[in-house]
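Single-letter residue listing:
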Amino acid sequence: MKLTTFGLTSFVLFTKEYRSEIRTRYALNALLMFVVTTLSMILFSIARENVSPEVLAGVLWVIIFFSTMSGLARTFVSEEERGTVLTLQLIARPLTIYIGKLFFNFLLLASINVVTVALYLVLITNFSVQSYSIFALTLILGTLGLAAATTILAAIIAKAHSKGTLFPVICFPILLPLLITVIAATQKAVEGVPFEEASGLFRALIAYIIVIGAVSYILFDYIWKD
Amino acid sequence: MALKIFLGLWLSAVIVVAFVFPIVSHPARWYEFPVVPGLEDKARILFFHVPMSWTAVVAFIVSMAYAIKYLAKKKFDDDIISASSAGLGFMFCILATVTGSLWAKFNWGSFWNWDPRETSIFALLLIYGAYFALRSALDVEEKRATLSAVYSIIAGVTVPFFIFIMPRIVSSLHPDPIVNTRGKIDMNSTMLVVFLCSLAGFTALYLWMLRMRVRAERLDLNLQSKGE
Amino acid sequence: MSIVNLIASDLTKFFNRRKIFSDISFTLHYGSSVAITGRNGSGKSTLLKILAGVLSSTKGEVDIQIDGKDIDLEHRHQIVGFVSPYLQMYDEFTGWENLDLFRRVRGVDVRDELLLDLIRRVNLFDRRNDFVRTYSSGMKQRLKYAFALLHRPPILFLDEPSANLDNEGIATVYDMMEEQKQKGILVVATNVAAEQSHCEFVLDLNSGSPIMVGQ
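Residues numbered from 1 in each chain as written. Chains lettered and ligands numbered in written order. Predicted model: local features only at pLDDT ≥ 70, side-chain atom pairs only at ≥ 80, totals over all residues. Heavy atoms only, no water.

Draft legend 1. Quick look at the overall build of chain A. Of regular secondary structure, chain A possesses nine helices and zero strands. Along the chain direction, N to C, the helices and strands of chain A fall in the order α-α-α-α-α-α-α-α-α. For chain A, the C-alpha atoms occupy an extent of roughly 55 × 35 × 30 Å along the three principal directions. Taking all 226 residues of chain A together, 56% fall into the buried category. Taken as a whole, chain A presents about 9000 Å² of accessible surface, with 70% of it coming from carbon and sulfur. Distance from the positive charge centre (15 side chains) to the negative charge centre (12 side chains) of chain A: 11 Å. (Helix = DSSP H or I, 4+ residues; strand = E, 2+ residues; numbered from the N terminus. Buried < 20%, exposed > 50% of the residue type's maximum accessible area, 1.4 Å probe, protein only. Areas by Shrake-Rupley, 256 points an atom, 1.4 Å probe, with all protein chains shown as cover. Lys, Arg positive; Asp, Glu negative; His and termini not counted. Charge placed at Lys NZ, Arg CZ, Asp CG, Glu CD.)

Draft legend 2. Representation of the sheet that holds strand β2 (residues 18-28) of chain C within the structure. All names here are of chain C. Judged by pairing direction, the sheet is antiparallel, and its four strands sit side by side in the order β2-β1-β4-β5 without closing on themselves. At either end of the open sheet lies a strand with only one pairing partner, and these are β2 and β5 (69-70). Relative to β2, strand β1 (residues 4-15) runs antiparallel, the two sharing seven bridges. Residue pairing for β2: Phe 14 is matched across the bridge by Lys 19. Contacting β1, β2 and β4 (59-66), helix α1 (residues 44-52) runs over the sheet at an angle of about 130° to β1. (Pairing = 2+ DSSP bridges. Contact = heavy atoms within 4.5 Å. Axes fitted to C-alpha atoms, helices over the stretch in contact; angles between N-to-C directions.)

Draft legend 3. Just the interface of chain C and chain B, in detail. Across the contact, five residues belong to chain C and seven residues belong to chain B. Buried area between chain C and chain B, summed over both chains or domains, comes out near 600 Å², and the portion from carbon and sulfur atoms is 43%. Viewed at the interface, chain B and chain C are joined by zero salt bridges. The interface formed by chain C and chain B holds two residue pairs in polar contact (both at pLDDT 80 or more) in total. (Buried area = accessible area lost by both parts, 1.4 Å probe. Salt bridge = Lys/Arg side-chain N within 4 Å of Asp/Glu carboxyl O. Polar contact = N/O pair within 3.5 Å; in protein donor to acceptor, adjacent residues only side chain to side chain.)

Draft legend 4. Spatial organisation of the interface of chain B and chain A. At the junction of the two partners, chain B supplies 33 residues and chain A supplies 34 residues. For the pair chain B and chain A, the two sides together bury roughly 2700 Å², of which 83% comes from carbon and sulfur. In this structure, the connection of chain B to chain A is made through zero salt bridges. Inspection of the region where chain B meets chain A yields three residue pairs in polar contact (both at pLDDT 80 or more). Among the elements of the structure, α4 (116-136) and α5 (141-173) of chain B are those that each provide at least two residues to the side of chain B that touches chain A. The greatest single-element share of the side of chain B that touches chain A, amounting to 19 residues, is contributed by α5(B). Tallied by class, the residues present in the side of chain B that touches chain A amount to 24 nonpolar, five polar and four charged. (Nonpolar A, V, L, I, M, F, W, Y, C, P; charged D, E, K, R; others polar.)

Draft legend 5. A look at the environment of Glu200(C). Residues and elements named next belong to chain C. Relative to the assigned elements, Glu 200 resides in the loop between α6 (193-196) and β9 (201-204). Relative accessible area serves as the criterion here: at 37%, Glu 200 is assigned to the partly exposed category. Sequence separation between Glu 200 and Gly 214 is 14 residues, and the spatial gap between their C-alpha atoms is 6.1 Å.

Draft legend 6. A look at the nonpolar core. Counting 210 residues, the largest nonpolar core has Phe127(A), Leu153(A), Leu175(A), Ile154(B), Leu6(C), Leu51(C) and Phe157(C) as the members making the most contacts within it. For this core, the element with the highest residue contribution is helix α7 (residues 132-157) of chain A, accounting for 14 residues. Residue contacts for Leu153(A): discarding those within four places in its chain leaves Phe167(A), Ile170(A), Cys171(A), Ile174(A), Tyr151(B) and Ile154(B). (Core = buried A, V, L, I, M, F, W, Y, C linked by side-chain atoms within 4.5 Å.)

Draft legend 7. Quick look at helix α1 (residues 2-24) of chain A. Taking 1.5 Å per residue as the helical rise, α1(A) with its 23 residues ought to reach 33 Å, and the 33 Å between its terminal C-alpha atoms agrees with that figure. Taken together, the buried residues of α1(A) touch α2 (28-46), α4 (74-82), α5 (85-91) and α6 (94-123) of chain A together with α2 (95-106) of chain C. Just downstream of α1(A) lies Arg25(A), where phi reads positive at about 50°. (Expected span 1.5 Å × (residues − 1).)

Draft legend 8. View of the pattern of salt bridges. Overall, the coordinates contain 23 salt bridges over all chains when judged by the stated rule. Glu74(C) is paired through a salt bridge with Arg93(A); the nearest N and O atoms lie 2.7 Å apart. You can see Glu74(C) sitting in the loop between β5 and β6 (80-83) and its partner Arg93(A) sitting in the loop between α5 and α6, one on each of two chains. Exposure remark for Glu74(C): the relative accessible area of 26% places this residue in the partly exposed category.

Draft legend 9. Looking closely at the packing of aromatic side chains. This structure, assessed with the given rule, holds 23 aromatic pairs over all chains. Taking the centre distance of 6.1 Å and the plane angle of 65° together, the rings of Phe76(A) and Trp224(A) count as edge-to-face. One end of the pair, Phe76(A), is in helix α4; the other, Trp224(A), is in helix α9 (residues 195-224), and 148 residues separate them in sequence. On the accessibility criterion, Phe76(A) (2% relative accessible area) is buried. Where Phe92(B) meets Phe202(B), the ring centres are 6.4 Å apart and the plane angle is 75°; that geometry is what we call edge-to-face. Remark: Phe202(B) occurs in helix α6 (residues 189-227) and Phe92(B) occurs in helix α3 (residues 76-108); sequence separation between them is 110 residues. We classify Phe92(B) as buried; its relative accessible area is 1%. For Phe202(B), a relative accessible area of 10% gives the class buried. Put simply, the rings of Phe60(B), Phe90(B), Tyr128(B), Tyr131(B) and Phe132(B) pair up and form one aromatic cluster. The ring of Phe93(C) has Arg19(A) sitting right over it, with the charged end atom 5.1 Å from the ring centre. In this arrangement the basic side chain of Arg128(C) is found over the ring face of Phe125(C), its NZ or CZ atom lying 4.1 Å from the centre. (Phe/Tyr/Trp six-rings, centres within 6.5 Å; stacked < 30°, edge-to-face > 60°. Lys NZ or Arg CZ within 6 Å of the ring centre and 35° of its normal.)

Here you go:
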């Protein structure tokens with residue numbers, strides 16, 4: 001009974017984020033434009049160059065990392081800037097708010113990543129994926145990990161000033177193990193190794209997601225409460 | 001005071017011994033170090049670089065432990081210790097990175113190779129940097145203490161991933177495990193004693209500096225609250 | 001209606017090591033009301049937030065009991081109503097959407113008719129389907145009363161209750177204050193004499209060691 005109310009409240013808060021985003025397009029438009037601009041810059045710079053797929057695997061995650069940095073702090077920062085933090089504190093338990101925002105961030109990042117990857121595969125011909133199963137799983141786990149880590153860090157950065165510049169700074173060291181792993185896994189996907197060879201990396205990604213999720217769960221209360 | 005002098009003498013002795021004791025191929029006398037093939041005199045870095053990295057890691061763990069304690073008890077003193085320890089850890093981390101990088105230049109041919117340990121210390125450096133950047137962006141003391149404690153705990157739980165993940169990835173990128181030959185130095189007892197003395201010296205140096213910083217911070221805060 | 005008690009003990013708050021107030025203790029029972037007064041910066045709003053459980057105190061505790069049962073901080077928001085000038089509604093949603101969202105997030109069973117009655121009460125019926133960003137500051141303040149009373153809270157906290165309101169709005173608010181005293185506990189932070197007169201007790205934060213006195 002308690003768990004269902006918890007889930008329901010989190011879900012309602014998730015729909016609030018979703019409807020708010022549909023109305024205002026605070027994050028979505030900026031993120032899409034970011035991806036398009038970055039991709040076109042990369043296309044300009046590698047025109048007629050023969051860049052290896054391994055390097056392009058890294059470049060893909062550079063785009064994803066920076067688009068995450070430009071959009072995902074919004075969910076918490078906008079509450080802080082508009083002064084609606086108090087409103088949320090008055091209507092819901094901290095964890096339901098965190099879960100609602102986490103799922104929204106995951107959805108947002110997943111949709112952006114779908115666009116990014118689709119454009120990347122179409123426009124950058126050298127980037128040929130040999131093992132789509134490894135590639136797909138890498139993207140799913142990578143998106144989950146990025147969403148999990150950036151959501152809790154966004155909650156922290158929302159309380160600081162000079163948020164925009166500081167967000168990548170505090171995110172990068174935390175995301176580094178994740179980024180190193182997803183880049184390595186994407187390289188395996190373009191090399192086309194058997195799935196088993198990448199399973200160690202996937203286990204590491206799953207462990208990372210669980211660890212970040214667990215500390216967020218424990219620590220969110222401290223961040224949220226003034 | 002006596003402690004300070006003793007610590008100074010101790011570390012001076014360690015430094016002198018580490019540089020002066022000869023390296024010979026068949027150590028027979030008590031003061032001789034054995035030759036490490038491929039390293040020769042470069043092996044002496046061991047006496048400085050390893051204790052520095054060790055201290056950087058210890059400082060990080062102390063900082064994180066006091067961060068947890070702060071969140072549990074909300075006593076400002078714990079935040080002071082946590083932040084002071086992080087400051088010292090940052091310093092030792094820079095020293096370890098610089099010495100390690102210099103050594104890498106002469107041994108592996110380039111300053112930076114992204115071997116697992118280099119990556120871990122680099123990540124630690126970034127974490128310390130981000131930690132202080134975050135601290136300076138928070139005005140209210142309570143907020144600063146809480147959020148930086150939360151950040152250092154999140155950072156702390158991700159550090160082990162480097163130890164866990166990096167070997168898989170680096171070995172997959174570098175078919176020749178040239179970067180993994182480190183750590184296989186066969187020490188004789190003289191070398192081991194000097195090394196342990198250095199380790200103890202650096203750890204004591206860290207603890208002594210930590211105590212100084214914490215005292216200075218406390219005095220500073222007392223002055224501030226008296227001024228109001 | 002449930003019997004509610006609020007016990008504040010040794011409340012002390014520091015900001016950046018500066019003392020805002022210290023050692024405030026008082027007890028409020030079902031049906032009682034208190035006006036917290038004091039000059040700007042004396043910590044009226046801060047004390048209100050601490051009592052409502054959205055801000056932690058440096059020292060001391062706030063215990064709230066309903067029918068003799070302690071309500072922990074996790075569930076404090078369910079029994080507290082709160083209005084203040086720095087409270088904000090979501091301005092990309094309409095007034096109705098805001099209240100509908102709060103109703104669903106809280107998981108309280110308030111039928112549409114009751115919600116509409118509440119909206120009529122705060123005189124926003126005609127504008128309920130307009131975006132909050134088009135509201136005047138007085139209308140926003142009215143909406144906050146609907147927000148605060150939606151879940152029929154046993155304890156109501158009002159910070160400057162008549163801020164931005166016209167005479168008619170002020171009259172409605174005073175009615176609401178009187179009703180709250182029948183339903184539970186009322187805590188008001190104000191320096192307006194008329195508002196203080198609606199309260200049974202006064203707690204003056206200007207005095208060195210603030211204590212609650214009857215009036």
